[in-house]
Amino acid sequence: MRAFEDTRPNRIVQRLLGDRHSLPLSIVLHLVPGTLIVAAYLLIGEPFVKAIGYPVLMGWAIALCLVLIPILSGLLWLGRKHNGHISLRGVLHYTDKPVPRGKLVAMVIALIVWMTVLSFATAPMNRFFKDFFTWVPYTDGAGSFTAFLDGYSYSIMLTTMVICLPLTGISLPLIEELYFRGFLLPRIAHLGGWAPVVSTVLFSLYHFWSPWVFVSRVIFMFPGFWFAWRNKDIRLSIGMHVGVTSILATFGTIAVALNLI
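1. Here we look at the overall build of the protein
Part 1: When its secondary structure is counted, the protein shows 9 helices and 0 strands.
Part 2: For the protein, the α and β elements follow one another from N to C terminus as α-α-α-α-α-α-α-α-α.
Part 3: Computed over C-alpha atoms, the radius of gyration of the protein comes to 19 Å, within 12% of the 18 Å expected from 2.2 N^0.38 for 261 residues, which places it in the range of a compact globule.
Part 4: Across its three principal axes, the protein shows a C-alpha extent of roughly 55 × 50 × 35 Å.
Part 5: Each of the 261 residues in the protein was classed as buried or not, and the buried ones make up 47%.
Part 6: Taking the contacts inside the protein whose residues are at least 6 apart along the sequence as the reference set, 74% of them involve residues at least 24 apart.
Part 7: For the protein, the distance from the average site of its 20 positive side-chain charges to the average site of its 11 negative ones is 9 Å.

2. Examining the nonpolar core
Side chains that are nonpolar tend, in soluble globular proteins, to be buried together.
Part 1: Grouped together as the largest cluster of nonpolar side chains are 71 residues, with contacts concentrated most on Ile37, Tyr179, Phe183, Tyr206 and Trp209.
Part 2: Contributions of two or more residues to this core are made by helix 1 (2-17), helix 2 (23-52), helix 3 (56-83), helix 4 (101-121), helix 6 (154-184), helix 7 (194-206), helix 8 (214-231) and helix 9 (235-257).
Part 3: A per-element tally of this core places helix 3 first, with 13 residues.
Part 4: When near neighbours in sequence (up to four residues on either side) are disregarded, tyrosine 179 contacts Leu29, Pro33, Ile71, Leu75 and Leu184.

3. Re the pattern of salt bridges
Part 1: Considering all chains together, one arrives at 3 salt bridges under this definition.
Part 2: Taking the shortest distance from any N to any O, the salt bridge between glutamate 177 and arginine 181 comes out at 2.8 Å. Of this pair, glutamate 177 and arginine 181 are both found in helix 6, 4 residues apart, which corresponds to roughly one turn of the helix. One exposure class covers both glutamate 177 and arginine 181, and it is buried.

4. Examining the side chain of arginine 187
Part 1: Structurally, the position occupied by arginine 187 is in the loop between helix 6 and helix 7.
Part 2: Among buried charged residues, arginine 187 stands out as having no salt bridge; its nearest opposite-charge side chain is aspartate 19, 5.9 Å away.
Part 3: Apart from the residues lying within four places of it in its own chain, the contact partners of arginine 187 are Leu16, Leu17, Gly18, Asp19, Arg20, His21, Gly90, Val91, His93 and Gly182.

5. Here we look at the layout of surface pockets
Part 1: There is about 220 Å³ of room inside the second largest pocket.
Part 2: Contributing to the lining of the second largest pocket are Leu16, Leu29, Pro70, Ile71, Gly74, Leu75, Trp77, Leu78, Tyr179 and Phe183.
Part 3: Elements with a minimum of two residues in the lining of the second largest pocket: helix 3 and helix 6.
Part 4: Ranked by the residues each element gives to the lining of the second largest pocket, the list is headed by helix 3, at 6 residues.
Part 5: Class assignment of the residues belonging to the lining of the second largest pocket gives a composition of 9 nonpolar, 1 polar and no charged.

6. Topic: unusual backbone geometry
It is generally the case that most residues other than glycine have a negative phi and that most peptide bonds are trans.
Part 1: For lysine 232, which is not glycine, the phi dihedral falls at a positive 55°.
Part 2: Within the secondary structure, lysine 232 is located in the loop between helix 8 and helix 9.
Part 3: Judged by its relative accessible area of 49%, lysine 232 is partly exposed.

About the cut-offs
- Residues numbered from 1 in each chain as written.
- Predicted model: local features only at pLDDT ≥ 70, side-chain atom pairs only at ≥ 80, totals over all residues.
- Heavy atoms only, no water.
- Helix = DSSP H or I, 4+ residues; strand = E, 2+ residues; numbered from the N terminus.
- Rg over C-alpha atoms; globule rule 2.2 N^0.38 Å.
- Buried < 20%, exposed > 50% of the residue type's maximum accessible area, 1.4 Å probe, protein only.
- Contact = heavy atoms within 4.5 Å.
- Lys, Arg positive; Asp, Glu negative; His and termini not counted.
- Charge placed at Lys NZ, Arg CZ, Asp CG, Glu CD.
- Core = buried A, V, L, I, M, F, W, Y, C linked by side-chain atoms within 4.5 Å.
- Salt bridge = Lys/Arg side-chain N within 4 Å of Asp/Glu carboxyl O.
- 1 Å grid on protein atoms, 1.4 Å probe; cavity = no way out; pocket = protein on both sides within 12 Å on 5 of 7 lines; lining within 4 Å.
- Points joined across faces, edges and corners; volume = space filled by probe spheres on them.
- Nonpolar A, V, L, I, M, F, W, Y, C, P; charged D, E, K, R; others polar.

Dropping the structure here:
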């Protein structure tokens, strides 16, 4: 019995850290976290914020933390099993920083502009698709940043934004990039040019809490993921993703603080 207990975790570690993930395994590893986030929101995040009188935006931040932080812990656990100490070496790939700093900065700025412009430009399309998801139990306030905050006092809105900024603006998108692009994408590189396409589609599907944004998310996220895959440098997708979310969260917080929204 002891031998079985010792062998099974090793097999799991070897399968997860292998150079290749089968497509079915990759689909599961991409989508299960999204399912767990929705469950965490419905069972914990939403009831909690409603009980204390805070916007649902805070509930989603809680749900994301409850799933993504354990995922990061899982990556560190894999690193400890692989390296004998807590480390992400051998767990994450595309971390050798092959893109020169000057080129990296220029590419990240261009990707941030692309993602920002396209995210706003595709907003009407998102509102159109949202009409097909009225049956989803968490569409209230969706599709509009200000709708999440309507009806709350200034102090509650500002507190929500100040708390969410380092979480949904910086830390949680960073964890997503480490997991989806640093851990999962390199392990489907055997798909060739389809790898970044699959990564983009599955990452967009993973956002079960906003399915109406699927099409636009594929459009504005794909270039960053493709460049990260093409150059084998995760800093490109991190720069784009965290750059945009942190900028939008910062401007949103400032707008609330100055009572502009």
